[in-house]
Amino acid sequence: MGTAMRRIHVGNALSAFGLGFTVPYLYVYVAQVRGLGAMTAGLVLAVFAVAALIVLPFAGRAIVRRGPLPVLLAALVAAAVGALGLGVSGSAATVLLSAAVLGAGQAVMQPALATMIVDCSSAQTRSRAFAMQFFLQNLGLGIGGLIGGHLVDTTRVSSFTLLFAIEAAMFLLLVVVMATVRTPHSPRIEDAPAGSAKGSWRQLAGNRAMVQLCVLGFVLFFACYGQFESGLSAYGVEAAGISTSALGTALAANTLMIVVAQFAVLRFVERRSRSRVIAAVGLIWALAWAVAGYAGLGNGSQEMATAAFVSTYALFGLGEAMLSPTVAPLVADLAPAGMAGQYNSAFALVKQLALAVGPAVGGPLGASLHAPYIVAFLLFSLAITVLAMRLGRELTDAQDRPWVARSRVVARGGEPVSAEV
C-alpha cells in the first residue's frame with residue numbers, strides 16, 4: 001500500500017472506532033439517560049436513515065464534481081458537530097437535529113472513502129483494498145463498542161457526554177489525517193469524455209448491469225444486515241429463548257468470523273467469478289437461516305439452540321467476508337470514467353433503503369411469526385443466488401473475472417490495465 005492508501009485505511013478505522021463508541025448506546029442514552037422516552041429514541045434511529053436518504057443523491061454529484069476529499073472533509077466536520085450536539089442536547093428537538101447532522105455526515109463518508117480507495121488502487125489491488133477496509137471497519141466497531149461499554153454509566157449523563165465528545169474528537173482527528181492525503185488525479189465530470197459525463201442519474205439507470213447490481217444489493221442488505229439487530233435478534237429471544245448475553249456472544253461471533261476469515265477467503269475469491277462468489281454467499285446465508293430455524297423451531301436443548309443461533313451469526317460473517325472484496329470493486333468497475341463517486345453513492349443509497357426497510361419488516365415478523373419469518377428470509381437468500389447468476393450474464397470478463405482479462409493482456413505482451421469501463 002502507498003502512503004495515501006494507508007491513511008485512507010487509518011481513516012476507515014478511526015471513523016468505525018468513533019461510531020462503535022456511541023451507536024450501541026444511543027437508544028439507552030436518549031430514552032433513559034436523557035429521559036426523552038422510547039418514542040424519541042426510536043425517532044432518532046429513524047432520523048439517521050432519513051438523513052442518509054436525503055443527502056446521498058447529492059453526495060454522489062458533489063464527489064464527481066469536486067472530488068472525494070473535499071466532500072469527505074465536509075462530512076467529517078458535520079459528523080463531529082452532530083456527535084458533540086448529541087452529547088450536550090437535553091431536549092427532543094436538539095437531539096433529533098443533532099442526529100440528523102450526524103447521520104448525514106456518516107452517510108456521505110461511505111461513498112467518499114470508497115471513491116478514494118478506487119482512486120488509489122488498481123484493478124489488481126482493489127479487492128484487497130476493500131477487504132482491508134471491511135476488516136478495519138469491523139475491528140474499529142468492535143474495539144470502540146468494547147471501550148465505550150466500560151466508559152458509560154446510565155446514572156451519569158456526563159459519562160455519555162464524554163463518549164460523544166470522544167466520537168467528535170475522532171472525526172476531527174480524521175479531518176487532520178485525511179487533509180494530508182494526496183490521491184492520484186482521477187477524472188472529474190468536467191474533464192471526463194462528454195459521453196460519460198452527461199445525465200449522471202439517467203446514465204446510471206441506463207446501465208443494465210448496475211441496475212441489476214443495485215437490486216441484488218438491496219436484497220443482500222435487506223436479508224442480512226437489516227435483520228441483525230431487529231428481526232433476527234427478536235426471533236432469537238422470542239422463538240429460541242436466547243438470553244441477552246448469548247445474543248451478545250452471537251454478535252461477537254459475527255465480528256470474530258470476519259476478522260479471522262477475511263484474508264483467508266480473499267485468496268479464494270480473488271480468482272473466482274464475482275457473480276458466482278455472490279451466488280455462493282446466497283447459499284451460505286440460506287444455510288444460516290436454516291440453522292436459525294433449527295434454533296427456534298427445533299426440539300433440541302437450550303444449549304443446542306444457543307449454539308445454533310451463534311453459528312447463524314458466524315455463517316453470516318463468512319458471507320460478509322466474501323462480499324467485501326467482491327461487491328465494492330464491482331461497483332467501481334461498472335462506473336464510467338469520472339463517475340465512481342456517483343456509482344458509490346447510488347449503491348450506498350440502496351444500502352440505506354434496505355437498512356431502513358429491513359428492520360421495519362423483519363422486527364415484527366421475527367418477534368411474532370417465527371416460521372414464516374425463517375421461510376421468507378431463507379427464500380430471500382436463495383433469491384440472492386438467482387439474481388447473482390443473472391447479473392453474471394450482463395458482465396464483461398473484465399468486470400466479472402478481472403484476473404482473466406489481465407492475463408490475456410499480459411499474454412499478448414502488454415501491461416495489465418484497469419478493469420474500469
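Fair warning: this is a prediction, and the values are worked out from it, not measured in the lab.

Trainee: Quick rundown of the overall build of the chain? Include the residues and the values.
Mentor: Scanning the chain from terminus to terminus reveals 19 helices and 0 strands. A globule of 421 residues ought to have a C-alpha radius of gyration of about 22 Å, and the chain, at 21 Å, matches this closely. If one aligns the C-alpha atoms of the chain with their principal axes, the spans along those axes are about 65 × 50 × 35 Å. For the chain, with 421 residues in total, the buried portion stands at 54%. Counting only carbon and sulfur atoms, one obtains 67% of the accessible surface of the chain, whose full area is about 17100 Å². Charge centroids of the chain, computed over 26 positive and 16 negative side chains, lie 7 Å from each other.

Trainee: Tell me about the nonpolar core, residues and numbers included.
Mentor: Membership of the largest hydrophobic core comes to 120 residues, with the highest contact counts inside it found for M178, M210, L213, L232, W285 and F309. The biggest single contributor to this core is helix α5 (residues 92-119), with 11 residues. For F309, the contacting residues outside a window of four places in its chain are L232, S233, Y235, G236, I242, L247, A250 and A295.

Trainee: Residue-level account of the pattern of salt bridges, with values.
Mentor: Throughout the structure, instances matching the rule amount to 3 salt bridges. Between R208 and E394 there is a salt bridge whose closest N-O contact spans 3.4 Å. On the criterion of sequence distance, the pair formed by R208 in helix α10 (residues 208-223) and E394 in the loop between α17 (370-392) and α18 (397-400) is long-range, its members being 186 residues apart. The exposure class of R208 is exposed, given its relative accessible area of 55%. We note a salt bridge from R274 to D333, for which the minimum N-O separation is 2.8 Å. With R274 in helix α13 (residues 274-297) and D333 in helix α15 (residues 327-334), this residue pair connects regions lying 59 residues apart in the sequence.

Trainee: Give a detailed account of the packing of helix α6 (residues 126-151) against α15, specifying residues and quantitative values.
Mentor: The angle between the axes and the distance between the axes are what describe a pair of packed helices. Here α6 crosses α15 at 135 degrees, and the two axes come no closer than 8 Å. The angle between α6 and α15 falls in the class oblique. Relative to α15, the crossing made by α6 is right-handed. Note on element contacts: α15 touches α6 through A328, P329, A332 and D333, opposite R126, S127 and F130.

Trainee: Which residues make up a nonpolar patch on the surface, and what values go with them?
Mentor: A cluster of nonpolar side chains, contributed by L139, I143, L146, I147, L151 and L162, occupies part of the molecular surface with about 480 Å² of accessible area. Looking at the nonpolar patch element by element, the count peaks at 5 residues for α6.

Trainee: Help me get a handle on the state of the cysteines, residues and values and all.
Mentor: Tallied over the full model, the rule gives 0 disulfides. Unpaired in this structure, C214 has its nearest cysteine sulfur neighbour in C224, at a distance of 18 Å. With a relative accessible area of 12%, C214 lands in the buried category. C224 gets classed as buried once you look at its relative accessible area, which sits at 1%.

Trainee: Quick one: what's the story with the packing of aromatic side chains, residue by residue and with numbers?
Mentor: Enumeration according to the criterion identifies 15 aromatic pairs in this entry. Look at Y29 and F164: their rings are 5.0 Å apart centre to centre, the planes differ by 50 degrees, and that puts the pair in the tilted class. With Y29 in helix α2 (residues 26-33) and F164 in helix α7 (residues 157-179), this pair connects stretches of sequence that are 135 residues apart. Residue F164 is classed as buried on the basis of its relative accessible area, which comes to 1%. Aromatic side chains F222 and F377 sit 5.4 Å apart centroid to centroid with 25 degrees between the ring planes, which places their arrangement in the stacked category.

Trainee: Describe the packing of α10 against α15, listing the residues and the values that go with them.
Mentor: Look at α10 against α15: their axes get within 10 Å of each other, and the N-to-C directions meet at 160 degrees. Between α10 and α15, the crossing angle belongs to the class labelled roughly antiparallel. Crossing of α10 against α15: the hand is left-handed. Residues A209, M210, L213 and L220 of α10 form the contact with α15, whose own contacting residues are V327, L330, V331 and L334. In terms of residue class, the contact of α10 with α15 is built from 8 nonpolar, no polar and no charged.

Trainee: I'd like a description of the environment of I63, backed by residues and values.
Mentor: Note on placement: I63 falls in helix α3 (residues 37-66). With a relative accessible area of 2%, I63 lands in the buried category. In this structure the C-alpha to C-alpha distance between I63 and L163, which are 100 residues apart in sequence, comes to 31 Å.

Cut-offs applied
- Residues numbered from 1 in each chain as written.
- Predicted model: local features only at pLDDT ≥ 70, side-chain atom pairs only at ≥ 80, totals over all residues.
- Heavy atoms only, no water.
- Helix = DSSP H or I, 4+ residues; strand = E, 2+ residues; numbered from the N terminus.
- Rg over C-alpha atoms; globule rule 2.2 N^0.38 Å.
- Buried < 20%, exposed > 50% of the residue type's maximum accessible area, 1.4 Å probe, protein only.
- Areas by Shrake-Rupley, 256 points an atom, 1.4 Å probe, with all protein chains shown as cover.
- Lys, Arg positive; Asp, Glu negative; His and termini not counted.
- Charge placed at Lys NZ, Arg CZ, Asp CG, Glu CD.
- Core = buried A, V, L, I, M, F, W, Y, C linked by side-chain atoms within 4.5 Å.
- Contact = heavy atoms within 4.5 Å.
- Salt bridge = Lys/Arg side-chain N within 4 Å of Asp/Glu carboxyl O.
- Axes fitted to C-alpha atoms, helices over the stretch in contact; angles between N-to-C directions.
- Parallel < 35°, antiparallel > 145°, perpendicular 65-115°, else oblique.
- Left-handed = near helix turned anticlockwise from the far one by under 90°.
- Patch = residues over 30% accessible without salt bridge, like charges linked within 9 Å, V, L, I, M, F, W, Y side chains within 5 Å.
- Disulfide = S-S within 2.5 Å.
- Phe/Tyr/Trp six-rings, centres within 6.5 Å; stacked < 30°, edge-to-face > 60°.
- Nonpolar A, V, L, I, M, F, W, Y, C, P; charged D, E, K, R; others polar.

So, to be careful, I would describe these as geometric facts and stop short of saying anything about function.
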